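Report on the structure
Each chain is listed here by its residues.
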Amino acid sequence: MNTAVALESDELPALPSPLWKRRWFQNTAIVLLGVLGVYALIYHDVVARAHESYNQAERYMQWAKDPVAKQKHFDDVYAAGRADIDHQLADKTIADKEYRRRLDALEFDRDFAMGESSLKYAYQWYKDTYELFSPPNSRWVREARVKAPQALEQWKQELRAQNIPFEDTMFE
């Protein structure tokens, strides 16, 4: 009898709506896409940081091979800093005592950086790359894992040449 009534009013039975039109499916898809987006951003950030860290290690390795480039870099940093504080002194935004203090700090920073071992910093940057920025096991992490032991060995050779005593446990 119910089918007769339905046929008389020319109504068709309602078909279920497609899955993608259902509210629970849309909400689930939005949440899933949001989570995937966050993970993609995190992955990109970690890989970018690994790349930057690896590039810092490479810079120090280059300086170990070419100390003149290292000297030029830190002289340029000093010159830029001095120009800035000279400008501040000329504009009378700092006093003579503050100018002298800042100039001494710039000179100290330059001299300290020049006195430090480039190989030590290269090793530490390589080590930080593979310790802090993995997973994921990006290209930069893999290359840092290969180059860190080489940098460490070169650093040890440098220490031996300078007759600086050390133990292997100091590098861990």
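Note that the structure is predicted; figures quoted are calculated from it, not measured.

1. Notes on a nonpolar patch on the surface
- A cluster of nonpolar residues, Leu 19, Trp 20, Trp 24 and Phe 25, forms a patch on the protein surface that exposes about 460 Å² of accessible area.
- With respect to the helices, strands and loops of the structure, Trp 20 is situated in the loop between helix H1 (2-8) and helix H2 (23-65).

2. Brief notes about the packing of H2 against helix H3 (residues 67-90)
- At a minimum axis distance of 5 Å, the contact between H2 and H3 shows a crossing angle of 115°. Between H2 and H3, the residues in contact are Arg 59, Trp 63, Ala 64 and Lys 65 and Pro 67, Ala 69, Lys 70, His 73 and Phe 74, respectively.

3. Looking at unusual backbone geometry
- Residue Ser 134 is joined to Pro 135 through a cis peptide bond whose omega torsion reads -5°.
- The topology assignment puts Pro 135 in the loop between helix H5 (118-132) and helix H6 (139-161).
- Cis geometry is found at the peptide bond from Pro 135 to Pro 136, where omega equals 5°.
- With respect to the helices and strands, Pro 136 occurs in the loop between H5 and H6.

4. Focus on helix H4 (residues 96-115)
- Helix length check: H4, at 20 residues, gives a terminal C-alpha distance of 28 Å against a target of 28 Å (1.5 Å per residue), a fit within 8%.
- For H4, the full list of buried residues reads Tyr 99, Leu 103, Leu 106 and Ala 113. The buried residues of H4 occupy one face: seen down the axis, they fall within an arc of 100°. Exposed positions of H4 whose direction lies more than 90 degrees from the buried face are Lys 97, Phe 108 and Gly 115.

About the criteria used
Residues numbered from 1 in each chain as written. Predicted model: local features only at pLDDT ≥ 70, side-chain atom pairs only at ≥ 80, totals over all residues. Heavy atoms only, no water. Patch = residues over 30% accessible without salt bridge, like charges linked within 9 Å, V, L, I, M, F, W, Y side chains within 5 Å. Areas by Shrake-Rupley, 256 points an atom, 1.4 Å probe, with all protein chains shown as cover. Salt bridge = Lys/Arg side-chain N within 4 Å of Asp/Glu carboxyl O. Helix = DSSP H or I, 4+ residues; strand = E, 2+ residues; numbered from the N terminus. Axes fitted to C-alpha atoms, helices over the stretch in contact; angles between N-to-C directions. Contact = heavy atoms within 4.5 Å. Expected span 1.5 Å × (residues − 1). Buried < 20%, exposed > 50% of the residue type's maximum accessible area, 1.4 Å probe, protein only. Arc of directions from axis to C-beta.

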